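# Working through the structure, step by step
Residue strings, one per chain:
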Amino acid sequence: MPRDVLTSKLAGFGTTIFAEMSALAASSGSINLGQGFPDTDGPPEVLDAAIEAIRSGVNQYPPGLGDPDLRRAIAEHHHRWYGLDVDPDTQIVVTAGATEALAGAMLGMLDAGDEVVLFEPMYDSYQAGIALAAATPVPVLLTPAADGRWHFDADVFRAAISDRTKLILLNTPHNPTGKVFDRDELELIAEVAIEHDLVVVTDEVYEHLVFDGSEHIPLATLPGMFERTLTISSGGKTFHTTGWKIGWMSGPTELVTAARLAKQYLTYVNGAPFQPATAVGLRLGDDYYESLVGDLQTARDRLASGLERAGFTTYRPEASYFVTVDIHSIGFAGDAMDFCRALPATAGVVAVPASAFYMNAEHGAHLVRFACCKQLDVIDAAVAKLVEAFA
Ligand code: PMP
Ligand code: GLN
């Protein structure tokens, strides 16, 4: 067996924290509030459409750009929710989840030594995608303020841009904090991108999971931004189909083409029968989208209140699947990784250390993320265990 086979680009990367913690949940029989996936099925119309597609022979490679009707449904979706007009034939490509669109964007746009400015904590695949492109991530820290919202320092953000910056990578609504970047913040990002002639890649997979009447604003809708923004999303969170891995990217043809050229050599295409089924989901009425977010907001409140009862300082998210807590607030002296590895034995629950979302894990050493995209009785059972263990 030859030694040192792993590319140096992946030095320091191990099995993802989500795989590790889901395996721990399975082996310990704990309640899994780690990896973000719903424990209920999505809309029956969407599931039925996939079954129907399989039965009617939609089982071979779809077109390279993705099923034309799904691309039309994505274009309709962008118009319906955001007033964006995107050409389904030249400005949209279907991908193997948002993950592949992100990887395609990094591999298709970055050269060795380029810098990517992004906010931390950050979703784990960003660092890996940037590393595989031999580029360098430049993080700008988000910190929770007294009002519970996560903020960044505008001067630090501006100072992060250098001559080597090629891309800004923005995740809104944000995993793990649940932050929804507001218009002022987006205007600042747009101003900096235009001033320095940068491309922005946005990850908007939680676009429909925004609570308390807040608004998700795609950066591409700001003046002057469509032409420099590659917008990425997927159906997984919106239709409770995270295992289907149907995602997409949209934007000006030049950016979509760059990302597509890399994407086509990753999977080429994927998920033929799940593509028309995702189109059915995108065309569901407003009542579906309202109940989706309403149910999740109830679950967020149930989990956040429960975590507070267990004694944690809790950051109630503005959006997404996740509630973050400060483990130092219950007197735990170790770090988030130790806490999460011990949690199955201590409380029979699995969570994810938010430190895994930081380049400098020290910055998140006190933060642990719990998923609220679960049935209320599952959340209640987990909370009861946490209250018993810690309160
Ligand atoms: N981006 C963020 C912020 C995520 O939380 C996730 C995880 N679901 C993804 C991308 C990956 O999305 P997909 O499953 O569509 O690849
Ligand atoms: N996005 C999900 C999360 O943040 C997990 C996806 C994955 O396992 N890669 O929990």
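Summarised in this report is the structure supplied together with it. Everything numeric in this text was worked out from a predicted model, so none of it was measured. (Residues numbered from 1 in each chain as written. Chains lettered and ligands numbered in written order. Predicted model: local features only at pLDDT ≥ 70, side-chain atom pairs only at ≥ 80, totals over all residues. Heavy atoms only, no water.)

### As for the sheet that holds strand E12 (residues 322-326)
Pairing within the open sheet is antiparallel, and its 4 strands lie in the order E11-E12-E15-E14. The sheet is open, and its two edges are formed by strand E11 (313-315) and strand E14 (352-353), each paired on a single side. Relative to strand E15 (residues 367-371), E14 is paired through 2 bridges, and the arrangement is antiparallel. The partner of valine 352 across the bridge, within E15, is arginine 369. Lying on the sheet, helix H10 (residues 286-309) is in contact with E11, E12 and E15; it crosses E12 at an angle near 10°. Of the strands in this sheet, E14 and E15 are in contact with helix H11 (residues 336-347), which crosses E15 at around 40°. (Pairing = 2+ DSSP bridges. Helix = DSSP H or I, 4+ residues; strand = E, 2+ residues; numbered from the N terminus. Contact = heavy atoms within 4.5 Å. Axes fitted to C-alpha atoms, helices over the stretch in contact; angles between N-to-C directions.)

### A few points about a negative patch on the surface
There is a patch of like negative charges on the surface, built from Glu45, Asp48, Glu52, Asp287 and Glu290. Sorting the residues of the negative patch by element identifies helix H2 (44-55) and H10 as the ones contributing at least two each. If one sorts the elements of the negative patch by residue count, H2 sits on top with 3 residues. By secondary structure assignment, the location of aspartate 287 is in helix H10. (Patch = residues over 30% accessible without salt bridge, like charges linked within 9 Å, V, L, I, M, F, W, Y side chains within 5 Å. Areas by Shrake-Rupley, 256 points an atom, 1.4 Å probe, with all protein chains shown as cover. Salt bridge = Lys/Arg side-chain N within 4 Å of Asp/Glu carboxyl O. Lys, Arg positive; Asp, Glu negative; His and termini not counted. Charge placed at Lys NZ, Arg CZ, Asp CG, Glu CD.)

### Some remarks on the packing of H2 against helix H9 (residues 274-282)
At a minimum axis separation of 8 Å, H2 and H9 run at an interaxial angle of 155°. By the criterion of interaxial angle, the relationship of H2 to H9 is roughly antiparallel. Every pair of crossing elements has a handedness; the one defined by H2 and H9 is right-handed. Where H2 abuts H9, its residues Glu45, Val46, Ala49, Ala50 and Ala53 lie against Phe274, Pro276, Ala277, Val280 and Gly281. Residue composition of the contact of H2 with H9, grouped by class: 8 nonpolar, 1 polar and 1 charged. (Parallel < 35°, antiparallel > 145°, perpendicular 65-115°, else oblique. Left-handed = near helix turned anticlockwise from the far one by under 90°. Nonpolar A, V, L, I, M, F, W, Y, C, P; charged D, E, K, R; others polar.)

### Things to note about the site of ligand 2
The local shell around ligand 2 consists of Phe18, Gln35, Gly36, Tyr123, Asn175, Tyr206, Lys237, Phe322 and Arg369. Within the backbone of glycine 36, an N or O atom sits 2.7 Å from an oxygen atom of ligand 2. A distance of 3.1 Å separates a nitrogen atom of ligand 2 from a polar side-chain atom of tyrosine 123. Classifying every residue of the shell around ligand 2 by side-chain character gives 4 nonpolar, 3 polar and 2 charged. (Near = heavy atom within 4 Å. Polar contact = N/O pair within 3.5 Å; in protein donor to acceptor, adjacent residues only side chain to side chain.)

### Some words on the environment of histidine 216
Along the chain, the position of histidine 216 falls in the loop between strand E8 (199-203) and strand E9 (229-234). Classification of histidine 216 by relative accessible area gives buried; the value is 7%. With 124 residues separating them along the chain, histidine 216 and isoleucine 92 place their C-alpha atoms 20 Å apart. Of note is the side chain of histidine 216, whose polar atom sits 2.8 Å from the side chain of glutamate 204. (Buried < 20%, exposed > 50% of the residue type's maximum accessible area, 1.4 Å probe, protein only.)

By themselves, these are just geometric observations and shouldn't be taken as functional.
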